[in-house]
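# Structural description and commentary
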Amino acid sequence: MKVFTTIKDLKAALDTYRSAGESIGFVPTMGALHEGHLSLLRKCKEQNTISVVSIFVNPTQFNDKQDLTNYPRNFNKDCDLLIEEACDIVFAPEVTEMYPQEDTRQFDFGQMDQVMEGKHRPGHFNGVAQIVSKLFDAVEAHRAYFGQKDFQQLAIIRKLAELGKYSTEIIGCPIVREADGLAMSSRNMLLSAEHRNAAPRIYQTLQKAKQMVRSHAVSEITAMVKREVESCGLLRLEYFEIVQTDSLQTLSEITAEIPATACIAVFAGKVRLIDNLEFIPHKK
Ligand code: AMP
């Protein structure tokens, strides 16, 4: 496995592979890798001959500086895991490499980034778009892999790829969960033992909400979610929204015709966790 820290060296290596007719798959991450990340890499390896994983904790997407400071970092362990998975290339730049000067670009995703994560984390998706566009330019991958765990991010990246006319195909991959249902996240390792015990309630509540879809109004489902999540005294609901799966428009009514996904953000102590569950699938 080759490790690059500069765009110039990365590009030179990838140019050689590209000229030799290899297909390049790309998995962007912020490190502290877990099975969720590795599932993206495995999919990437299935569909491409060269796999590139980036590890970069992107400062411009953190609206909360304390969150950036606390974000888990474990580069050596990450490399061990990637070697085991036979990853070909790791790109792990310093902040100054990706941002030699301040990035003042403002992306317009319309109302897509005005809801949920966009509403509660101002500037977050602009920062995501800044780094992902820089990484896409550096890697020029045939395909890039993103998790449905970050449901809104995936929708915004599809939009970014369309607006920026990137030839990289965006592939969404299913959420990988712990045995008790908690969605895997690098942030899970920051949970105290009691918050970790309480956290599976998030997914359990989403499942319970899904069962109510045919018989209850959205307002009733939302009230149940808040009650259930907060009843243990350890979790605090930040938002629960049922949105149209593609446009991310908030739905106040659910019908069998409109694909819908429920999204949730919860504070477990100081750790913010997100999850989502498809309520109404796309028609086949
Ligand atoms: P992160 O390092 O948290 O920025 O995540 C990097 C990529 O891994 C993103 O595309 C995430 O959506 C994806 N990812 C994170 N957790 C999971 C998970 N539990 N299952 C599937 N994909 C995930």
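Placed above this text is the structure.
Everything in this summary refers to the structure shown in the same document. (Residues numbered from 1 in each chain as written. Predicted model: local features only at pLDDT ≥ 70, side-chain atom pairs only at ≥ 80, totals over all residues. Heavy atoms only, no water.)

### Structural notes on the sheet that holds strand S4 (residues 89-91)
Sheet strands line up and pair through hydrogen bonds in the backbone, either parallel or antiparallel. Judged by pairing direction, the sheet is parallel, and its six strands sit side by side in the order S1-S4-S3-S2-S5-S6 without closing on themselves. One side of each edge strand has no neighbouring strand; the edge strands of this open sheet are strand S1 (2-4) and strand S6 (169-173). The mean inter-strand angle of the sheet, taken between neighbouring strand axes irrespective of direction, is 25°. With two bridges connecting them, strand S2 (residues 24-29) and strand S5 (residues 143-147) associate as parallel partners. In the sheet register, phenylalanine 26 faces S5, and the bridge partner there is alanine 144. Sheet contacts for helix H2 (residues 35-47): S2, strand S3 (50-55), S5 and S6; angle to S5, the most-contacted strand, approximately 155°. Sheet strands in contact with helix H4 (residues 75-84) are S1, S3 and S4, and its direction is about 165° off that of S3. (Pairing = 2+ DSSP bridges. Helix = DSSP H or I, 4+ residues; strand = E, 2+ residues; numbered from the N terminus. Axes fitted to C-alpha atoms, helices over the stretch in contact; angles between N-to-C directions. Contact = heavy atoms within 4.5 Å.)

### Re the pattern of salt bridges
Applying the stated criterion to the full structure yields 16 salt bridges. Between glutamate 140 and lysine 11 there is a salt bridge, with its nearest N and O atoms 3.1 Å apart. Here the residue glutamate 140 occupies a position in the loop between helix H7 (124-139) and S5, and lysine 11 occupies one in helix H1 (residues 7-19), the gap between them amounting to 129 residues. In this structure glutamate 140 comes out as partly exposed when scored by relative accessible area, which is 42%. (Salt bridge = Lys/Arg side-chain N within 4 Å of Asp/Glu carboxyl O. Buried < 20%, exposed > 50% of the residue type's maximum accessible area, 1.4 Å probe, protein only.)

Remember, this is a structural readout, not a statement about activity or role.
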